[in-house]
Amino acid sequence: MKCVTVYTNEFEKFSDIFEQILVSDIPENEDTEIEGVTVGLVTEIPEEYIEQMRVKPEVVVMRDKKRNITILQHGKIFEIFIPSV
């Protein structure tokens, strides 16, 4: 599973760039910028991390069932979890 971290707390901004993030070639373990928002990619995320975060009251959990993507929002970040192919 890989995780793209999007450093913004603005849902509207996140929504505007979400599809672009999914098709972008983001370098692993390096921050890059998409439309003025910093994003980073990590490819080794333990499955239990998502479960640990889901139960926290300050974390918002969203799902894209068609693509099997989980999105967590907490603090000033969004985390997009994409299953590895």
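See the structure shown above.
Residues numbered from 1 in each chain as written. Predicted model: local features only at pLDDT ≥ 70, side-chain atom pairs only at ≥ 80, totals over all residues. Heavy atoms only, no water.

(A) Summary view of the side chain of T70. Mapped onto the elements, T70 comes out in strand β5 (residues 69-74). For T70, the side chain forms a polar contact with the side chain of R63, separated by 2.7 Å. (Helix = DSSP H or I, 4+ residues; strand = E, 2+ residues; numbered from the N terminus. Polar contact = N/O pair within 3.5 Å; in protein donor to acceptor, adjacent residues only side chain to side chain.)

(B) Layout of the pattern of salt bridges. What the rule picks out here adds up to 3 salt bridges. Between R54 and E51 there is a salt bridge, with its nearest N and O atoms 3.4 Å apart. A residue pair is termed a helical-turn pair when its members lie 3 or 4 positions apart in one helix, as R54 and E51 do in helix α2 (residues 47-54) at 3 residues. Close ionic contact of D64 with R67 constitutes a salt bridge, the shortest N to O distance being 2.8 Å. Here R67 falls in the partly exposed class, since its relative accessible area comes to 37%. Where salt bridges share partners, they join E19, D64 and R67 into one cluster. (Salt bridge = Lys/Arg side-chain N within 4 Å of Asp/Glu carboxyl O. Buried < 20%, exposed > 50% of the residue type's maximum accessible area, 1.4 Å probe, protein only.)

(C) Molecular detail of the nonpolar core. V4, V6, I21, I71 and I80 are the most contacted members of the largest nonpolar core, which totals 17 residues. Among the elements of the structure, β1 (2-6), α1 (11-23), β3 (37-42), β5 and β6 (77-82) are those that each provide at least two residues to this core. Counting residues in each nonpolar core, the second largest holds 7 residues, with I45, I50, V59 and F81 among its members. (Core = buried A, V, L, I, M, F, W, Y, C linked by side-chain atoms within 4.5 Å.)

(D) Structural view of the packing of aromatic side chains. Tallied over the full model, the rule gives 5 aromatic pairs. When the centroid spacing of 6.2 Å and the interplanar angle of 45° are considered together, the rings of F11 and F78 count as tilted. With F11 in helix α1 and F78 in strand β6, the pair connects residues that are 67 residues apart, well separated along the chain. A residue is classified by how much of its surface remains accessible, and F11, at 44% relative accessible area, is partly exposed. Through a chain of ring-to-ring contacts, the aromatic side chains of F11, F14, F18 and F78 assemble into a single cluster. (Phe/Tyr/Trp six-rings, centres within 6.5 Å; stacked < 30°, edge-to-face > 60°.)

(E) Geometry of the environment of P27. Secondary-structure assignment places P27 in the loop between α1 and β2 (31-34). Between the C-alpha atom of P27 and that of M53, which follows or precedes it by 26 residues, the distance is 25 Å. If near-sequence neighbours (up to four positions away) are discounted, P27 is found in contact with T32 and L41. (Contact = heavy atoms within 4.5 Å.)

(F) Here's a closer look at unusual backbone geometry. Of note in the backbone geometry, N29 takes a positive phi value of approximately 60° without being a glycine. Secondary-structure assignment places N29 in the loop between α1 and β2. Judged by relative accessible area, N29 falls into the exposed class, the value being 58%. Its identity as a non-glycine residue notwithstanding, E35 has a phi of 50°, on the positive side.

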